[in-house]
Structure formats: C-alpha cells, structure tokens
Amino acid sequence: MKTLKDERKLLAVVYFLTIALFVNLAVLKDPIDIGALIMGGVLIILIGFSHFVIRKYYPDGDKFILIFAAVLAVIGIAVLYRLDEKVAIKQIIWFIAGITAYILIIVLLPDLKTFNKYRYYFLAATVLFMPMALIIGDEQYGAKNWVIVGNFSFQPSEFGKIFLVLYLASALRNYEDKKNLIGDFKQLVEPAAVVMASIGCMVLQRDLGSALIFFGISVTILYIATTKGKYVFVSLGLFSVGSVVAYGLFSHVRKRVLIWKDVWAYANDESYQIVQGLYSISSGGMVGVGLGQGYPGFIPVNTTDFIFAAICEELGMVFGIGILMLYFLLFYRGMRSALKVEDRFSQLISVGFSSMIAAQVLVIIGGVFSVIPLTGITLPLISYGGTSMLTMFFALGIMQKISEEG
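Only a predicted model underlies this, so the values are computations on that prediction, with no experimental measurement involved.

The rules behind these values
Residues numbered from 1 in each chain as written. Predicted model: local features only at pLDDT ≥ 70, side-chain atom pairs only at ≥ 80, totals over all residues. Heavy atoms only, no water. Helix = DSSP H or I, 4+ residues; strand = E, 2+ residues; numbered from the N terminus. Buried < 20%, exposed > 50% of the residue type's maximum accessible area, 1.4 Å probe, protein only. Contact = heavy atoms within 4.5 Å. Areas by Shrake-Rupley, 256 points an atom, 1.4 Å probe, with all protein chains shown as cover. Lys, Arg positive; Asp, Glu negative; His and termini not counted. Charge placed at Lys NZ, Arg CZ, Asp CG, Glu CD. Arc of directions from axis to C-beta. Polar contact = N/O pair within 3.5 Å; in protein donor to acceptor, adjacent residues only side chain to side chain. Patch = residues over 30% accessible without salt bridge, like charges linked within 9 Å, V, L, I, M, F, W, Y side chains within 5 Å. Salt bridge = Lys/Arg side-chain N within 4 Å of Asp/Glu carboxyl O.

Quick notes on the overall build of the protein
The secondary structure content of the protein amounts to 15 helices and 3 strands. For the protein, buried positions account for 53% of its 406 residues. Long-range contacts, defined as pairs at least 24 residues apart, comprise 72% of the intrachain contacts of the protein with a sequence gap of at least 6. Summed over its atoms, the accessible surface of the protein is roughly 18,400 Å², and 67% of this surface lies on carbon and sulfur atoms. Averaging the coordinates of the 32 positive side-chain charges in the protein and doing the same for the 27 negative ones gives two points 7 Å apart.

Structure (structure tokens):
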C-alpha cells in the first residue's frame, strides 16, 4: 500500500511537471500555442494509461522504472518542442511507439529464462548489426554510423548493443571458476572475441561513443559473471592498448583527443560546438534564464548531442543535476532487480541494460563538459532519435519483466 501511495505521489509530480512545461511553452506565443497544450495533454494520458495497465495487470514488478523514464521523456519532448516543433512531433510519435513496445514486452514475453538457449541467435544478430553501417552506412557529423533507406534512417549500433547484452548474458550465465587459466580461457575466449570485434567496428565507423559504451557494458557483465577483478584490469589494459593503436592509425581519433586537450585553441573551428555548449551552460547558471528565454540556437546539434547544454541554459544546472539523479535512479532500479531475481541469465541482462544507461549518460555528459573527448551520442530518452527511443524502451521493458520475475 505504501508503494502505491509513493507511485501516486510521483505520478502527480510527473503530471505537474508536464503541465508546467507545456503551459509555459504555450504562453510564450501570442496567441497561446494550442499545439503545446494538446501535446502536454497527450503525454499525461499516455503516461497515466501505461501506469494503469502495468499496475492493474502486472502488480508485482517495479513500477518506478516507467515513472522515471516518463519524466525524462517529458523533459526531452518539451525541450525539443521549444527548439523545433516538427522534431518534437516526431519524437512524441516515437515515444508512443516506445511505450507500446514496453507494454507488449511485459504482456507477451514469457519468463526470460526460457530465452537463455538462444545464445547463437543473439550472436548472429550482433554480427549482423555491428558492421552494417560500416558496409552500407552513410556518414553524418564525421561518423559512419547511420543506414538510410528512402526516408527512413536508423543506427544499427543501437540494435547491436541490445543483442550484445543478450548474447553476453547467455554466454556467461553458466560461467564456473575452473581455478586455472586454461579453463577460464575456454569459457571467455568467444565472448571476448565478439566484444573486441564489436568495439573494432565502432572504431572503424568513427563512432567512439558507442565503442566506450560497449566496453563499459562488457566489463560490467564480465565482472558480475566472474566476480574476478583481474579480468577487469586485463580488459582495461587491452582497451588502453587499443586506444593507443587507434590514436596512431586513425586521424579522427587524434583530432578528437587534440580538441579535448585544448578546447579553447580550436573554439572557432573543430571545438566550436563544445565551446558554445559551455557558454550556454555558464550563461544559464544554477537556475537558468527561463524556458524560451535563452539562445540555444547558437549550439550546433542542439536536439541530439548537445541537448543537455540547451536544458542547462534555460532551466539551470539544478534542473540538469535533477536529470542526472533520475538516470541514477533508473540505474539503481535495474541493479535492484538484478539482485532480487534468481535466474542468472535474467540477472546479467538487467546488469547489462542498467550499465548501458549509465555508460551512455556518462559518455555524453562527459563530452559536453569536455571531461572526455566528445563522442556524439544521444542522451537517453531526452535527445531526439527514434532508434534510441525504441531500443531504450525495449531495454526498460525487459528490465520491468525481470523485476516481475524477482
């Protein structure tokens, strides 16, 4: 009963936030923008209906996953509407598709442990998606990570990371400590080869963000499956060697590192978007200049890579920190489900998807603040991107299903 009350309180906060954001957007125009009010109403109905279905028919799982994801999506759609109304309309369509996929996964999928035998199907899908953009992809913003078919475009790596998590969970679920190096090598050589090939494909595509994310996911699953810190250090060592090799072989890697080392030296050229993002964040201060009162148009790629800078300019760093806390709570709920479920396969999946969310947030936020070289990936559930929205809700749906099992 206490949990239900907490859920209702959080839902009330979500509704209040949605109303506040979209009413604000509506009154920015004269006459009042009815489209903004309609969009806010649609979001409230979708979120309320989704929570009702999950709570009524599947009451045993973690309902906070949906609520936290909904808050992030509402913020993203509101900011996108302020930046570009057409993009926001596309995003809400993807949000509807994502929520639908989320519910269908919970309703239609049987217990996930029945899928642990499909290891090589997951491997085949991983092998299919990882090099796809390298073979038939188109280059955008310096990275060859998009496949365009007519008017439809998608990032194969977004689907690839889902199947990589499923494959690693299936491959490592029966890991046993053989007490000798040869025995462990036989169990780990195939997953290690798949991970190295996947990261290699991302480096060749110049998609350094995805390479970092795949590495973070893989190391986390490896440690949870084996509980051996030495494998983490070996992985870090191999990744460091690979980074040095990539730095020597690929000019785009050298350029990213050069910009990162002295971002202000290239403020009018290669690091222009980073500098503009930092200016925007600093001009917003702690509480922001107000929704619709800033100048996010000066930030390049402000609907995807640098949407966090636009948010901090108009809504403030306090609001930005709140967003990071929501991501942490999503990560926490996923890891909590992993601790409660008994099936090893389900446990590793939940760990993998939780680390995927955390790694993606850390990589893009680190790039925006120039803590690490800029990699150019989306902020989950907030940045514009249909593929990202779908795959994220797919992952969250599976995490919800695992929480039902636990």
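With respect to the environment of alanine 211
In this fold, alanine 211 is placed in helix α9 (residues 208–226). The buried category is assigned to alanine 211, whose relative accessible area is 4%. For the pair alanine 211 and lysine 228, spaced 17 residues apart in sequence, the C-alpha to C-alpha distance is 23 Å. Not counting chain neighbours up to four residues away, the residues in contact with alanine 211 comprise Ile199, Met202 and Val203.

Comments concerning helix α11 (residues 251–261)
Taken together, the buried positions of α11 are His252, Val253 and Ile259. Relative to the axis of α11, the buried residues are bounded by an arc of 130° and lie together on one face. For α11, the secondary structure elements touched by its buried residues are α8 (181–204), α9, α10 (229–249) and α12 (272–284).

Some remarks on the side chain of lysine 228
Relative to the assigned elements, lysine 228 resides in the loop between α9 and α10. Here the side chain of lysine 228 touches tyrosine 175 through a polar contact of 3.4 Å, side chain to side chain. In this structure lysine 228 touches Tyr175, Asp177, Asp184 and Tyr223, once residues within four positions along its chain are discounted.

Overview of the environment of leucine 222
With respect to the helices and strands, leucine 222 occurs in helix α9. Classification of leucine 222 by relative accessible area gives buried; the value is 14%. When the C-alpha atoms of leucine 222 and tryptophan 146 are compared, they prove to be 29 Å apart, with 76 residues separating the residues in sequence. Sequence-distant contacts of leucine 222, that is, excluding residues within four places in its chain, are made with Leu172, Leu188, Thr227, Tyr231 and Ser235.

Some thoughts on a nonpolar patch on the surface
Judged by side-chain polarity, Ile19, Val23, Val27, Ile32, Ile34, Leu37, Ile38, Val42 and Ile96 come together as a nonpolar surface patch covering roughly 740 Å² of accessible area. Secondary structure elements with two or more residues in the nonpolar patch: α1 (2–27) and α2 (34–57). Per element, the largest residue contribution to the nonpolar patch is 4 residues, and it comes from α2. Turning to its location among the elements, valine 27 is positioned in helix α1.

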